[in-house]
Structure formats: C-alpha cells, structure tokens
Amino acid sequence: MYEPLELDEPGNKVGLIEILKQAQECLAALDDDYSDGRSELEALHHRLVAGQFRLAVLGQFKRGKSTLLNALLGDRLLPTDILPVTAIPTFISAADQIEVQVCFATEAEPVKYSLSSSPSLADFLTEHVTETGNPNNRRQVKRVDVTHPAEMLRQGVVLIDTPGIGSTHKHNTEVAYQVLPQCDAALFLVSPDPPITEIELDYLKEIQQRLPRTFFLLNKVDFLDENEINTSLRFLADQLAPLCDGVPQVLPVSARKGLEARLAGDAEGWKKSGMQRVEQNLIDFFAREKQHILHDSLQRRTSDQLNNTIMQLQLSLSALMLPEAELKQRIGQFRQSLPDVEREKQAVQDILSGDLKRVTDRLTKEVELVRHQAHEKIIGQLENHIQSVVEIEELERSVRETLAQELPVFFSPAMRKVAEIIRAEATELLTLHQQRSNRLIEQVRQIAAELFDIPYHAPSAGRSYTKFEISGWSNDLFISDMDPVGQRISRKFFTNKFRRKRTVRRLQEESRKLLNQNVEQINWALRRGLDENFRQFGVELSEQLEKTISATRKAMEVALKKSESHSHETAGREIKLKQTLGQLQKIIDQLEKER
C-alpha cells in the first residue's frame with residue numbers, strides 16, 4: 001500500500017489539510033442543499049491526506065482502454081470484449097491483494113468481492129461494470145473500487161477505467177464526461193481504425209479544459225506496417241495540434257501485445273509493444289510532477305468549491321427575502337446576460353492567442369540572434385584551428401576539444417539571457433490577461449450580486465504561471481566517422497590533400513549541425529513553456545467561468561424551490577446562513593495565503 005502524506009512535513013501543505021477540515025465542520029450544520037459541497041470537500045481531504053493521484057484512461061469506445069490498463073497492471077483484471085464493455089468508472093488503487101467493492105447510487109449497501117469469493121472475479125466484474133451484465137446501468141452502480149498489488153499503483157497512483165464515448169449507449173458517454181472532475185491527468189487512447197473522430201475531438205476539448213496533463217497513445221499498431229504507423233502518427237498529430245497549442249507527443253503502442261508480453265515475462269516483447277516507453281514516461285512524470293500537480297489540483301478545487309458555496313449562501317440569503325414573482329424575474333434577467341458573457345470570453349481568448357503569437361515572435365528573434373552569435377564566436381574559432389593545424393588527426397582532436405570547452409561557456413549564459421527576456425515579456429502579458437480573466441469571471445458574480453443585492457467583494461489577484469523549464473544542451477551530437485581502420489585505409493588509397501579536404505568539410509558540417517541543434521533546444525524548451533503557460537490560462541478561464549455560472553444557477557434554483565414551498569422558517573435559517581458565510585469567508589482568506 002502506498003504511504004499517505006506525513007502531515008508534519010512542510011512540503012505537504014498542512015495548511016490545506018486544516019482548511020479542508022475547517023470547511024467541512026463549517027458546512028456540517030447546514031441542510032441537504034449543501035450536501036454536495038460537504039461531500040466534495042470530504043473527498044478532497046481524503047485524497048490530499050492519502051496522496052492519491054488519479055490517472056484516467058479516456059477515449060472512444062473499443063479503443064482498447066481496458067486492455068491497456070491490464071497491460072500496465074500485468075494482469076487480465078478488467079473485462080474486454082469485441083463489443084463496448086466498460087459502462088461504469090472503475091478505480092484501481094494499491095493493496096497487497098485484489099479486492100473489489102461496488103458502490104451504488106441508491107442507499108443499497110456496497111457489494112464486496114475478494115479472491116476467496118465465488119463466482120470468479122471476471123464474472124463478478126462483468127455482472128456489474130459491463131453493458132452485458134448491467135445494461136444501461138439498471139443496477140444503478142455509481143462506481144467500482146478495485147485494489148491490486150501492481151508496482152505502479154504503489155506510487156500513490158489510482159488508475160481509472162472509464163466508459164467509452166460515442167457508443168450506442170448514451171449512458172456511457174454521460175459517465176465518461178462526469179468522471180473528468182475526479183481526475184488529475186489522463187492517457188488519451190486512439191487507434192487507426194477508425195482514425196480520430198469528431199466526437200473524440202470534442203471530448204478532448206473538455207479534457208484539455210479540465211486536466212493539466214494529457215498523454216496521447218496510438219493503440220493497435222500491431223495491425224499496421226511501419227509506413228502505416230508513421231502515416232497514422234502524422235495524421236493524428238495534425239488533428240491534435242490545434243487543441244494542444246502545438247504538436248503533442250503521440251506514442252505508438254499495442255496494448256494487446258504488451259499484455260501478452262507482460263504475462264509471459266517477455267521483456268523484449270514488452271519493449272517492442274511500445275508499453276515499456278509508456279510505462280517509463282509515466283514513472284518519470286510521477287517522480288517529477290505528480291505531487292506538484294496533485295496539490296495544485298486539490299487546492300484549486302478547494303478554492304472553487306468554497307467560492308461556489310459562498311455564492312450559494314449569499315444568493316440564498318438574498319432570495320429568502322424576495323417574493324416569488326420577483327425572484328423569477330431576476331433569474332430571467334441573469335439568463336439574458338449570459339450571451340454577452342460568452343462573447344466577452346471569446347474576446348479574451350482571442351487576445352490570449354495574439355499575446356502568445358507576439359511573445360513567440362520575440363522568442364524567434366532572440367533565438368536567431370543566439371544562432372548568429374554562436375556561429376560567429378565558435379565557428380570562428382574552429383576556422384582558426386582549421387587554418388593553423390596541419391596534421392589531420394590532430395585537427396580532429398583540436399576541433400573536438402574546442403567544442404567541448406566552448407559549448408558550455410557560450411550556451412549556459414545565452415540560455416539564461418533568452419529565458420529571462422521571454423519570462424519577463426510573458427509575465428507582463430499573462431498578468432494583463434489574468435486581470436482580464438478575473439474581470440470576466442467577476443462580471444458574472446457582479447451581475448448576480450446586483451440582481452440580488454449581495455455585498456460584492458472582488459477576489460485577490462491570481463498568480464501567473466511563468467515557470468518555464470529549460471532543457472540542457474548536448475555536445476554528444478558531434479560524432480567522428482574517422483575510426484583508426486578508416487584512417488589507415490584512407491592513408492593507403494587517398495592523398496593527404498584529399499583526406500584533409502574531406503575532413504575539413506565534415507568537421508565544418510558537423511560543427512554547424514551541432515550548434516544549430518543546441519540553439520533549437522533553447523527554442524524548443526522555451527516554446528514548450530510558453531505554450532503550456534498560455535494554454536493553462538485559457539483552460540482556467542473556461543473552467544472558472546463555467547463553474548461560476550453553474551454555481552449561480554444552482555443557488556437561484558434552490559432559492560426558487562424554497563420560495564415555492566412557502567417556507568416560513570426564514571428567521572432561523574437566515575441567522576444560520578449568515579454565520580456560516582462569515583466562517584467560510586475567513587477560511588477562504590486562509591486558503592489564499594497558502595497559494
């Protein structure tokens with residue numbers, strides 16, 4: 001079993017844990033109108049303490065999602081079939097042995113399975129999570145929790161098998177969308193037949209808005225030859241690029257071959273299937289980014305939930321005092337304002353795209369300047385060696401030594417300088433965009449505040465995401481083709497003049513190639529950082545705006561429902577809501593200090 005976070009370690013953000021505890025206690029005194037908020041905070045608290053990072057496998061039906069998960073687990077755990085199978089989200093976490101618990105949307109007690117149970121595990125899962133055993137989810141299964149001893153899970157990772165979108169079963173698509181808020185990252189699985197569909201692209205837009213990291217896999221490549229694989233990868237990259245603000249990495253795999261190899265203990269087969277690379281990429285990602293993404297994800301969701309609850313409290317308080325007819329009129333006015341908000345959102349996103357293009361153009365200019373300076377300084381020195389060193393073998397050694405010495409001396413400060421220039425310009429643009437985004441999100445809140453006479457308080461400014469990663473440079477690209485045998489042969493058959501001319505040309509070409517590749521590393525590293533930061537801003541704008549509108553609508557609907565029920569217990573309810581509101585506002589102030 002993975003180890004939970006130690007609460008006394010500074011890096012584990014004890015403050016967020018305490019904030020979640022306080023918020024849960026605060027909402028405990030309210031009625032069922034706030035039960036969803038309480039449940040969400042409780043779930044966030046549990047995940048933070050346990051350090052649970054949720055990685056979902058997403059995509060259209062019959063792409064091989066369950067088979068891929070089986071391959072990663074090294075076990076034929078999840079049902080697979082030629083027909084759409086998974087109908088219920090299945091959460092797989094670490095334990096020393098396999099156990100299963102089925103939870104229902106009704107008040108029915110969970111049903112449990114262990115290896116000592118009967119029938120078989122495959123039959124048990126088929127009975128509850130597949131369209132064959134549980135058509136249209138007639139059993140009203142909410143989720144299935146599975147524990148498994150797989151090594152990957154022991155890193156605090158929870159793998160999620162999800163229903164496929166786009167099948168004839170509408171329920172599956174609905175559940176596939178509903179599970180997204182519970183995820184921290186995703187493996188998005190496609191296959192060559194058919195190629196990526198419009199349904200998948202629409203689903204991916206939603207994924208990109210909600211999740212900070214998505215890995216792309218092209219499955220079932222064992223049915224293609226090498227040329228067909230390359231063609232499919234190019235087509236897929238072209239389709240994904242507009243949604244990802246750049247061409248994403250897509251890994252070709254055969255989950256079926258990978259599972260067979262893993263079960264047979266065939267290391268070479270595991271590598272050939274492409275699954276070894278997927279597994280290593282995930283391990284590296286977990287080591288570098290898992291904890292950071294998990295904490296940021298939970299902190300953001302905590303903030304969202306608290307803000308939504310505060311708005312719900314404010315609207316409820318105001319609506320308690322309104323006659324039913326006037327309440328309906330104000331709800332109608334709010335709905336009429338939403339098209340204008342949507343147009344403003346599009347304008348903000350257009351400005352963001354323009355800002356990204358401007359800072360990218362600046363990066364291109366700075367990179368070209370570095371390229372020119374590198375050629376002028378380093379190639380200039382190499383030309384001096386070429387002119388002054390006569391002996392061919394000595395010339396090659398001299399050029400190698402010069403490159404090994406000059407590359408770090410030149411590129412280290414050059415990279416820092418370009419990074420600082422781009423960071424400063426991007427930070428300025430993103431700060432302005434942050435202000436625009438905040439104004440738009442608050443516009444919705446202010447509309448509701450004005451309609452319902454709610455005291456309006458603008459939030460504190462959000463932070464800018466400007467942590468650009470810069471990869472190191474490499475001098476391993478300069479490879480000589482003049483081995484000792486080749487030297488002896490060339491001395492035997494070619495004149496010294498011809499050999500020198502050939503060596504000089506090769507050294508010049510390889511040196512220029514090496515410099516250009518190092519320059520492109522600067523460009524690639526900074527461009528990746530820019531794309532990710534600007535994409536994150538766009539995602540957060542859409543997500544926060546939608547959540548704000550949704551929370552506002554819900555609060556209005558609850559208020560209208562209570563008004564229509566002619567509830568006369570308004571005085572006591574008003575006091576309780578005001579007390580809770582004051583407590584929650586103090587809690588969210590604490591949360592802002594943690595950011």
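What this report covers is the structure whose coordinates are included nearby. Not measured: the values here are computed from a predicted model.

Scoring rules and cut-offs
- Residues numbered from 1 in each chain as written.
- Predicted model: local features only at pLDDT ≥ 70, side-chain atom pairs only at ≥ 80, totals over all residues.
- Heavy atoms only, no water.
- Helix = DSSP H or I, 4+ residues; strand = E, 2+ residues; numbered from the N terminus.
- Buried < 20%, exposed > 50% of the residue type's maximum accessible area, 1.4 Å probe, protein only.
- Lys, Arg positive; Asp, Glu negative; His and termini not counted.
- Salt bridge = Lys/Arg side-chain N within 4 Å of Asp/Glu carboxyl O.
- Polar contact = N/O pair within 3.5 Å; in protein donor to acceptor, adjacent residues only side chain to side chain.
- Contact = heavy atoms within 4.5 Å.
- Core = buried A, V, L, I, M, F, W, Y, C linked by side-chain atoms within 4.5 Å.
- Patch = residues over 30% accessible without salt bridge, like charges linked within 9 Å, V, L, I, M, F, W, Y side chains within 5 Å.
- Areas by Shrake-Rupley, 256 points an atom, 1.4 Å probe, with all protein chains shown as cover.
- Charge placed at Lys NZ, Arg CZ, Asp CG, Glu CD.
- Expected span 1.5 Å × (residues − 1).
- Phe/Tyr/Trp six-rings, centres within 6.5 Å; stacked < 30°, edge-to-face > 60°.
- Lys NZ or Arg CZ within 6 Å of the ring centre and 35° of its normal.

Re the side chain of Arg 54
Logical step 1: By secondary structure assignment, the location of Arg 54 is in strand β1 (residues 53-59).
Logical step 2: Here Arg 54 is buried and forms no salt bridge, its nearest opposite-charge partner Asp 184 lying at an N-O distance of 5.9 Å.
Logical step 3: A polar side-chain atom of Arg 54 sits 3.4 Å from the main-chain carbonyl oxygen of Gln 182.
Logical step 4: When sequence neighbours within four positions are dropped, the list of residues in contact with Arg 54 reads Arg 47, Phe 91, Arg 143, Val 158, Ile 160, Gln 182, Cys 183, Asp 184 and Ala 185.

Comments concerning the nonpolar core
Logical step 1: With 72 residues, the main nonpolar core has Val 144, Leu 187, Leu 282 and Leu 306 as its most contacted residues.
Logical step 2: Sorting elements by how many residues they give to this core places helix α10 (residues 275-320) first, with 12 residues.
Logical step 3: With sequence-adjacent residues up to four places away left out, Leu 282 is seen in contact with Leu 55, Leu 72, Met 152, Leu 187 and Phe 215.
Logical step 4: Counting residues in hydrophobic clusters, the runner-up holds 36 residues, among them Val 367, Leu 382, Ala 414 and Phe 534.

Considerations on a positive patch on the surface
Logical step 1: Taken together, the side chains of Lys 497, Lys 501, Arg 502 and Arg 505 present a region of like positive charge at the surface.
Logical step 2: With respect to the helices, strands and loops of the structure, Arg 505 is situated in helix α14 (residues 496-564).

What to know about helix α2 (residues 35-50)
Logical step 1: Taking 1.5 Å of rise per residue, the 16 residues of α2 would be expected to cover 22 Å, and the 23 Å separating its terminal C-alpha atoms lies within 8% of that figure.
Logical step 2: Among all positions in α2, only Gly 37, Arg 38, Leu 41, Leu 44, His 45, Arg 47, Leu 48 and Ala 50 are buried.
Logical step 3: Looking one or two places after α2, you find Gly 51, whose phi comes out positive at around 70°.

Here's the deal with the packing of aromatic side chains
Logical step 1: One pass over the structure, following the stated rule, counts 8 aromatic pairs.
Logical step 2: With a centroid separation of 5.8 Å and 70° between ring planes, the pair formed by Phe 53 and Phe 285 is classed as edge-to-face. On the criterion of sequence distance, the pair formed by Phe 53 in strand β1 and Phe 285 in helix α10 is long-range, its members being 232 residues apart.
Logical step 3: Look at Phe 53 and you get buried, because its relative accessible area is 0%.
Logical step 4: For Arg 262, the ring lying beneath its charged end belongs to Trp 270, and the centroid distance is 3.8 Å.

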